Amino acid sequence: MNYRHAFHAGSFADVIKHIVLVRILTYLQDKPAAFRVIDTHAGAGLYDLTGEEASRSGEWLTGIARVLQARFSEQAYPLMAPYLDIVRSFNAPPALTAYPGSPLIARALLRPQDRMTLCELAPVPRKQLIEALRRDTQARVVDLDGWTALPAFVPPNERRGLVLIDPPFEAKDEFQRMGDRFAAAFAKWPTGSYLLWYPAKSRRATDDLTDRVADATAASKPPGKLLRIEFSTGPQIEGEGLTSTGLLVVNPPWTLHDELKLLLSELQKPLGQGGAARYRLEFPKP
């Protein structure tokens, strides 16, 4: 598997992940105290949808392009609007030529007191990310492996915030590594929020990861909470592209489950391929 950000920018998986990211950060804004965002595998920050990588896959055409054209109910649109507004801010309507990655989406939601730490080891994406942020004093880009940085950077000085864990899944042991590194970080910062993304191709791998995260979350005192989200645009076909994406949210905002129940139900039609999409939303038990 290889889920490097540039090839999948604006895909249905990006849409789901970034909607959840925006909802969590919007919730963190409700209190005046500062928060920090830590992104362990940040990528380039901004992606050219007309470039070679995005054009090769064309996934944004059945992802963000459809969502921008979709109509949402009066209840869902206010929850969707902050995400859509951020995407539109990087484009000159009606054209859609660029898609912001997690760092720039998160940056758009930082207040003056908030900070962001972004890890990117690959030289070219790291340089692009630095250029995209334009010497931003609230965002620090570090040349460090995200798996090494994860337990090292928590807890942050702010004591509030979100850790986004979104690796490219190039290594065969990436699921195990994610579970182990999360557990190490959570043991140091059990009050933080964590957002873990994974490709949902193997039921065994995704269930094992969920069990590992649920066990670590339940072991803290007081125990944390875990929300599992999966979204499928259609059946997974051997050798074909990704059709199911998953997220684990540790210590989710208390509003998130109900918000996503509404949003995911309304995303089923625009993001479905060959029919309506399906979603899964649950609180796993250890």
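Chemist: Looking at this structure, I do not really get the overall build of the protein chain. What am I missing?
Modeler: Secondary structure summary: the protein chain contains 11 helices and 10 strands in total. On C-alpha atoms alone, the protein chain measures out to a radius of gyration of 18 Å, which is about the 19 Å that the 2.2 N^0.38 rule sets for 286 residues. Principal-axis analysis of the C-alpha atoms places the extent of the protein chain at approximately 45 × 40 × 40 Å. Nonlocal contacts in the protein chain, meaning residues at least 24 apart in sequence, comprise 75% of its contacts between residues at least 6 apart. When the accessible surface of the protein chain is summed, it comes to about 13200 Å², and 52% of that surface belongs to carbon and sulfur atoms. A distance of 4 Å separates the average location of the 35 positive side-chain charges in the protein chain from that of its 32 negative side-chain charges.

Chemist: Help me understand the packing of helix α2 (residues 12–28) against helix α5 (residues 77–89) in this model?
Modeler: Each pair of packed helices gets described by two things: the angle between the helix axes and the distance between those axes. One can describe the packing of α2 onto α5 by two numbers: an axis separation of 9 Å at closest approach and a directional angle of 110°. The pairing of α2 with α5 is recorded here as roughly perpendicular in orientation. With respect to the hand of their crossing, α2 and α5 are arranged in right-handed fashion. Facing V15, H18, I19, V22 and R23 of α2, the residues of α5 in contact are L79, M80, P82, Y83 and I86. In terms of residue class, the contact of α2 with α5 is built from 8 nonpolar, 1 polar and 1 charged.

Chemist: It is not clear to me how the pattern of salt bridges should be interpreted in this structure. Could you clarify?
Modeler: Opposite charge on two side chains allows them to pair when their charged atoms are near. Under the defined criterion, the tally for this structure stands at 20 salt bridges. We note a salt bridge from D14 to K17, for which the minimum N-O separation is 3.2 Å. Here D14 pairs with K17, and both are found in helix α2, just 3 residues apart, close to one helical turn. With relative accessibility at 3%, the residue K17 sits in the buried group. In this structure, R126 and D143 form a salt bridge, with 3.2 Å as the shortest nitrogen-oxygen distance. Here D143 lies in the loop between β5 (139–142) and α8 (146–152) and R126 lies in helix α7 (residues 123–133), a separation of 17 residues in the sequence. Residue classification places R126 among the buried positions, given a relative accessible area of 16%. A single salt-bridge network, built from bridges that share partners, covers R203, D207, R228, E230, R280 and E282.

The rules behind the values
- Residues numbered from 1 in each chain as written.
- Predicted model: local features only at pLDDT ≥ 70, side-chain atom pairs only at ≥ 80, totals over all residues.
- Heavy atoms only, no water.
- Helix = DSSP H or I, 4+ residues; strand = E, 2+ residues; numbered from the N terminus.
- Rg over C-alpha atoms; globule rule 2.2 N^0.38 Å.
- Contact = heavy atoms within 4.5 Å.
- Areas by Shrake-Rupley, 256 points an atom, 1.4 Å probe, with all protein chains shown as cover.
- Lys, Arg positive; Asp, Glu negative; His and termini not counted.
- Charge placed at Lys NZ, Arg CZ, Asp CG, Glu CD.
- Axes fitted to C-alpha atoms, helices over the stretch in contact; angles between N-to-C directions.
- Parallel < 35°, antiparallel > 145°, perpendicular 65-115°, else oblique.
- Left-handed = near helix turned anticlockwise from the far one by under 90°.
- Nonpolar A, V, L, I, M, F, W, Y, C, P; charged D, E, K, R; others polar.
- Salt bridge = Lys/Arg side-chain N within 4 Å of Asp/Glu carboxyl O.
- Buried < 20%, exposed > 50% of the residue type's maximum accessible area, 1.4 Å probe, protein only.

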